[in-house]
Amino acid sequence: LTKYGGSQALADQALRAVGSSVEKSLAVGRRELTVNLYMHKQLWPRVVVTRQMVLEDYQKDPQKWTQAAELELYTITLPFYRWLKEPDPDHPGETRIKANPTLTELHNAETAAVARAKELIGQIKAGADWARLAEDNSVDSRAKDFGGRWPKVRKGSLAREAVEKYAFSLPPNTVGAPLVIRDDDPLKSAVMIIKVGDKKDARTVPFAEAQNGIKTRLRDLQYRQLYDEYMNKLYQGAAVESVDKMV
């Protein structure tokens, strides 16, 4: 009733439009509930999962219980090209990125990017909102929609090894010094501000922590197998007749 406006009349009208009705829907629901209760009563008493079964499942795949180091990452990326601009001859009054900057120009751009990064870090330490600064300054793919936040970064998942190594070297809830990323392509060179929130070290999940989940999974698997066997038995015992008229 809630789904269709809060009244039985509206629900009945909507359901009749698709070949059903409130009574038919209720009948289907009652039947499904009755079947589920019956199967639960018939099969669950036959489900047996011992501690030894759970332990063997835990021990058969040790790698499954190894969790990589993980952290909450915040980034602001300041590209060098922001300081590698020149007048655009095709559009008076506008600028464009220099196609072939000199080494001196690249050095000056890097210096300017580092200086801007230090300014932003000062604002962050003074209490400025990270998400707003990321949205206004960063070219990170997540800056606009997620405020430069990467909630769960596992070790080995970042494309840039230097960024990952630096991030995982920082203590939790800290902002690092500006990280310079240099690339043969000036368009890919940048200075990054990296902040680490929560941080988890790599670990192996102990059996005491894993056993309840394993037990539940083994019980569900065993129940599904018993359910399939039960239904196959019903199918095999059913009489099926082929009549010309029915065909």
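Shown above is the structure to which this text applies.
This report concerns the structure included in the present document.

Quick notes on the rules
Residues numbered from 1 in each chain as written. Predicted model: local features only at pLDDT ≥ 70, side-chain atom pairs only at ≥ 80, totals over all residues. Heavy atoms only, no water. Helix = DSSP H or I, 4+ residues; strand = E, 2+ residues; numbered from the N terminus. Rg over C-alpha atoms; globule rule 2.2 N^0.38 Å. Areas by Shrake-Rupley, 256 points an atom, 1.4 Å probe, with all protein chains shown as cover. Lys, Arg positive; Asp, Glu negative; His and termini not counted. Charge placed at Lys NZ, Arg CZ, Asp CG, Glu CD. Core = buried A, V, L, I, M, F, W, Y, C linked by side-chain atoms within 4.5 Å. Buried < 20%, exposed > 50% of the residue type's maximum accessible area, 1.4 Å probe, protein only. Contact = heavy atoms within 4.5 Å. Expected span 1.5 Å × (residues − 1). Pairing = 2+ DSSP bridges. Phe/Tyr/Trp six-rings, centres within 6.5 Å; stacked < 30°, edge-to-face > 60°. Lys NZ or Arg CZ within 6 Å of the ring centre and 35° of its normal. Salt bridge = Lys/Arg side-chain N within 4 Å of Asp/Glu carboxyl O. Axes fitted to C-alpha atoms, helices over the stretch in contact; angles between N-to-C directions. Parallel < 35°, antiparallel > 145°, perpendicular 65-115°, else oblique. Nonpolar A, V, L, I, M, F, W, Y, C, P; charged D, E, K, R; others polar.

### Points about the overall build of the protein
Along its length, the protein carries 8 helices and 9 strands. The C-alpha atoms of the protein give 31 Å as radius of gyration, which overshoots the globular expectation for 247 residues (18 Å, by more than 25%). Along the first, second and third principal axes, the C-alpha set of the protein runs to 90 × 55 × 45 Å. Accessible surface for the protein amounts to roughly 17100 Å². Of this, 52% is attributable to carbon and sulfur atoms. Of the side-chain charges in the protein, 38 are positive and 33 negative, and the distance between the mean point of each set is 7 Å.

### Concerning the nonpolar core
Of all hydrophobic cores here, the largest spans 18 residues; its most connected members are Ile-76, Phe-80, Leu-120, Ile-124, Trp-130, Val-191 and Ile-193. Within the residue set of this core, elements represented by two or more residues are strand 2 (70-79), helix 4 (103-125), helix 5 (130-137) and strand 8 (190-200). The leading source of residues in this core is helix 4, at 7 residues. With near-sequence residues (within four places) excluded, Ile-124 lies in contact with Ile-76, Trp-130, Leu-133, Val-175 and Ile-193. Within the second largest apolar cluster, 16 residues are counted, among which are Met-39, Val-54, Leu-218 and Leu-226.

### Comments concerning helix 8 (residues 207-237)
Its 31 residues give helix 8 an end-to-end C-alpha distance of 44 Å, which sits within 8% of 45 Å, the value for a rise of 1.5 Å per residue. Of all the positions in helix 8, only Phe-207, Ala-210, Ile-214, Leu-218, Gln-222, Tyr-223, Leu-226 and Tyr-230 are classed as buried. Check the buried side of helix 8 and you find it contacts helix 2 (22-43) and helix 3 (51-60).

### Quick word on the pairing of strand 8
With 9 bridges connecting them, strand 2 and strand 8 associate as antiparallel partners. Note on strand 8: the bridge partner recorded for Leu-73 is Val-196. Bridge count for strand 6 (residues 174-175) against strand 8 is 2 bridges, and the pairing is antiparallel. For Val-175, the partnering residue across the bridge sits in strand 8 and is Lys-195. Direction of pairing for strand 7 (residues 179-181) relative to strand 8: antiparallel, over a ladder of 3 bridges. For Ile-181, the partnering residue across the bridge sits in strand 8 and is Ala-190.

### Focus on unusual backbone geometry
Here the phi dihedral of Asn-173 falls at roughly 60°; this positive angle occurs in a residue that is not glycine. Here Asn-173 is to be found in the loop between helix 7 (161-169) and strand 6.

### Considering the packing of aromatic side chains
Aromatic ring pairs are reported here in terms of the distance separating the ring centres and the angle at which the planes meet. By the definition in use, this model includes 6 aromatic pairs. Here the aromatic rings of Tyr-38 and Tyr-230 are separated by 6.5 Å at their centres, their planes lie at 65°, and the arrangement is edge-to-face. Placement of the pair is Tyr-38 in helix 2 and Tyr-230 in helix 8, with a sequence separation of 192 residues. Its end group placed over the ring of Tyr-74, Lys-195 keeps NZ or CZ at 4.7 Å from the ring centre.

### Re the pairing of strand 2
Buried residues dominate strand 2, accounting for 10 of its 10 residues. Of the two faces of strand 2, both are covered, the one formed by Glu-70, Glu-72, Tyr-74, Ile-76 and Leu-78 as well as the one formed by Leu-71, Leu-73, Thr-75, Thr-77 and Pro-79. Pairing geometry for strand 2 and strand 5 (residues 149-154), over 4 bridges, is antiparallel. Considered in strand 5, the bridge of Glu-70 is made with Arg-154.

### Digging into the pattern of salt bridges
Throughout the structure, instances matching the rule amount to 11 salt bridges. Here Glu-209 and Arg-203 are joined by a salt bridge, their closest N and O atoms 2.8 Å apart. When its relative accessible area of 46% is taken as the criterion, Glu-209 is described as partly exposed. The partly exposed category is assigned to Arg-203, whose relative accessible area is 34%. A cluster of three or more residues bridged by salt bridges with shared partners is formed by Asp-57, Lys-60 and Arg-217.

### Quick word on the packing of helix 3 against helix 8
Axes are the key here: two packed helices are described by the angle between their axes and the distance separating the axes. For the pair helix 3 and helix 8, the least separation of the axes is 9 Å and the interaxial angle reads 105°. Between helix 3 and helix 8, the interaxial angle falls into the category roughly perpendicular. In contact with Arg-51, Met-53, Val-54, Leu-55, Asp-57 and Tyr-58 of helix 3, helix 8 contributes Phe-207, Ala-210, Gln-211, Ile-214, Lys-215, Arg-217, Leu-218 and Gln-222. Of the residues assigned to the contact of helix 3 with helix 8, the class counts are 8 nonpolar, 2 polar and 4 charged.

### Section: the environment of Gly-237
The topology assignment puts Gly-237 in helix 8. Separated by 161 residues in the primary sequence, Gly-237 and Ile-76 place their C-alpha atoms 67 Å from one another.

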